[in-house]
Amino acid sequence: MKARVLSIAGSAAQGSAGIQADLKTFQECDVYGMAAITAFVANNSKTEQGIFIHDKEIVRAQYEAALEHVGVDTVKTGMLFSKELIEEISTWLQDCPAKQIIVDPVMIGKMGSQLLADDAIAVLKEKLIPLATIITPNLYEAGKLLNRETIIGNVEEMEEAAKELFQLGSNYVLIKGGALEDRAIDVLFDGARFAYYEKPRVNTIHTSGAGCSYASAIAAELAKGRTMEKAVELAKNFVHAAISHALSFGRGVGSTNHAARRNYGVD
Ligand code: PXL
């Protein structure tokens, strides 16, 4: 285990999403995981009931401490919530030694809570996304970033949205089609070509943490030196296995199973 990955994201008490999902994914992908926690979300399988956002000084102290002695190959961001935090984190990341920056533009929790303030979208687009190697929005997040009123609902619209999102300045755009009605297909755009990643749709409600884990697996594979196309392929397989063998703990939406690839392999 040589590659080092830092997640800057929120803690999700239930253990399925956020920092918890990121660290579990890093471990499964055999990279060294670190965390700078931006918020505490006291969630369970039915609600994200308590959301406590950290001051930027708290996040900065963690970020600096993690980098100081261990260093970092790849940074991944998740729930950042506020304009102030995004502005601050973007400043640090300009001088960050990481070779890749994965920006997962987390906006709402599985239970519908707001994990990104409305007034933070502009600074996310203007300051953080231009620093990103890849952004990984789902259909909802892609629509919000593009100020779209209508829902992105098929692969052609995903391609169009990816082209537009590419203009914001990341090297790659991955739009995740998990919310499409018929297919579980994701579209990767590098500014010139599209690549497609498709798996059979899994019929389960227990998908908490799927997005966080997908972005974290991409971060881990990039940190180990994979190409972007290979990293996304491996991450998609990882998340498909995690959803296929999801855990039904709780009384609502349960967790994706981070150990699924290790225990059951991928198909
Ligand atoms: O799944 C999105 C997500 C990301 N980050 C944190 C969360 C959640 C959902 O609950 O709590 C911290």
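Since we're looking at a predicted model, the values are computed, not measured. (Residues numbered from 1 in each chain as written. Predicted model: local features only at pLDDT ≥ 70, side-chain atom pairs only at ≥ 80, totals over all residues. Heavy atoms only, no water.)

Enquirer: I'm lost on helix α7 (residues 210–223) in this one. Help?
Expert: For the α-helix, the turn length of 3.6 residues means that residues three or four positions removed from each other point alike. With 14 residues, α7 extends 20 Å between its outermost C-alpha atoms, agreeing within 8% with the 20 Å of an ideal straight helix rising 1.5 Å per residue. Counting buried residues in α7 gives 13 out of 14 residues, a clear majority hidden from the surface. Backbone geometry just after α7 places G225 at a positive phi near 100 degrees. (Helix = DSSP H or I, 4+ residues; strand = E, 2+ residues; numbered from the N terminus. Expected span 1.5 Å × (residues − 1). Buried < 20%, exposed > 50% of the residue type's maximum accessible area, 1.4 Å probe, protein only.)

Enquirer: Explain the sheet that holds strand β2 (residues 32–43) to me, please; I cannot follow it from the model alone.
Expert: Two strands in a sheet stick together by hydrogen bonds in their backbones, pointing the same way (parallel) or opposite ways (antiparallel). Taken in spatial order, the nine strands of this open sheet run β3-β2-β1-β4-β5-β6-β7-β8-β9, and their pairing is mixed. The open sheet terminates on both sides in strands that have one partner only, identified here as β3 (48–53) and β9 (194–199). Where strand β5 (residues 100–103) meets strand β6 (residues 134–135), two bridges bridge the pair, whose relative direction is parallel. Along β6, the bridge assignment pairs I102 with I134. (Pairing = 2+ DSSP bridges.)

Enquirer: Is there a simple way to explain the site of the ligand in this structure?
Expert: Neighbouring the ligand are 13 residues; G10, A12, N43, E48 and L115 lie closest to it. In the complex, 93% of the free accessible area of the ligand, which totals 310 Å², lies under the protein chains. The set of elements that each furnish at least two residues to the shell around the ligand consists of β1 (4–12) and β2. Residue contributions to the shell around the ligand peak at three residues, all from β1. Split into classes, the residues belonging to the shell around the ligand amount to seven nonpolar, five polar and one charged. (Near = heavy atom within 4 Å. Areas by Shrake-Rupley, 256 points an atom, 1.4 Å probe, with all protein chains shown as cover. Nonpolar A, V, L, I, M, F, W, Y, C, P; charged D, E, K, R; others polar.)

Enquirer: Just to check I follow, could you spell out helix α8 (residues 228–244) for this structure?
Expert: Counted at 1.5 Å a residue, the expected span for α8 with its 17 residues is 24 Å, and the 24 Å between its end C-alpha atoms agrees. Burial of α8 is extensive: 13 of the 17 residues sit out of reach of the surface.

Enquirer: What's the story with a nonpolar patch on the surface in this structure? I'm lost.
Expert: Together, M1, Y32 and V70 make up an exposed nonpolar region whose accessible area comes to about 270 Å². In this structure, Y32 sits in strand β2. Taking relative accessible area as the criterion, Y32 reaches 39% and is therefore assigned partly exposed. (Patch = residues over 30% accessible without salt bridge, like charges linked within 9 Å, V, L, I, M, F, W, Y side chains within 5 Å. Salt bridge = Lys/Arg side-chain N within 4 Å of Asp/Glu carboxyl O.)

Enquirer: What exactly am I supposed to notice about the pattern of salt bridges here?
Expert: Enumeration over the complete set of coordinates arrives at 15 salt bridges. Across the salt bridge formed by R60 and E88, the nearest N and O atoms sit 3.5 Å from each other. On the criterion of sequence distance, the pair formed by R60 in helix α2 (residues 56–69) and E88 in helix α3 (residues 83–94) is long-range, its members being 28 residues apart. Here K224 ties to E221 by a salt bridge, and the two come within 3.4 Å at their closest N and O atoms. Residue E221 is classed as buried on the basis of its relative accessible area, which comes to 3%. One connected set of salt bridges, linked through shared partners, spans R4, D73 and K99.

Enquirer: What is the right way to read the environment of I185 from this model?
Expert: When you line up the elements, I185 lands in strand β8 (residues 184–189). For I185, a relative accessible area of 3% puts it in the buried group. For the pair I185 and A66, spaced 119 residues apart in sequence, the C-alpha separation works out to 35 Å. If sequence neighbours within four positions are ignored, I185 has contacts with V155, M158, I175, K176, G177, L180, Y196, Y197, E198 and K236. (Contact = heavy atoms within 4.5 Å.)

Enquirer: Is there a simple way to think about the packing of α2 against α3 in this case?
Expert: For any two helices packed against each other, one specifies the crossing angle of their axes together with the interaxial distance. Between α2 and α3, the least distance of the axes is 10 Å, while the angle of their chain directions is 25 degrees. Here α2 is positioned roughly parallel relative to α3, judged by the angle of their axes. Helix-helix and strand crossings are classified by hand; for α2 and α3 the assignment is right-handed. Residues K56, V59, R60 and Y63 of α2 touch α3, and the partners they reach there are L85, E88, I89, W92 and L93. Looking at side-chain class alone, the contact of α2 with α3 contains six nonpolar, no polar and three charged residues. (Axes fitted to C-alpha atoms, helices over the stretch in contact; angles between N-to-C directions. Parallel < 35°, antiparallel > 145°, perpendicular 65-115°, else oblique. Left-handed = near helix turned anticlockwise from the far one by under 90°.)

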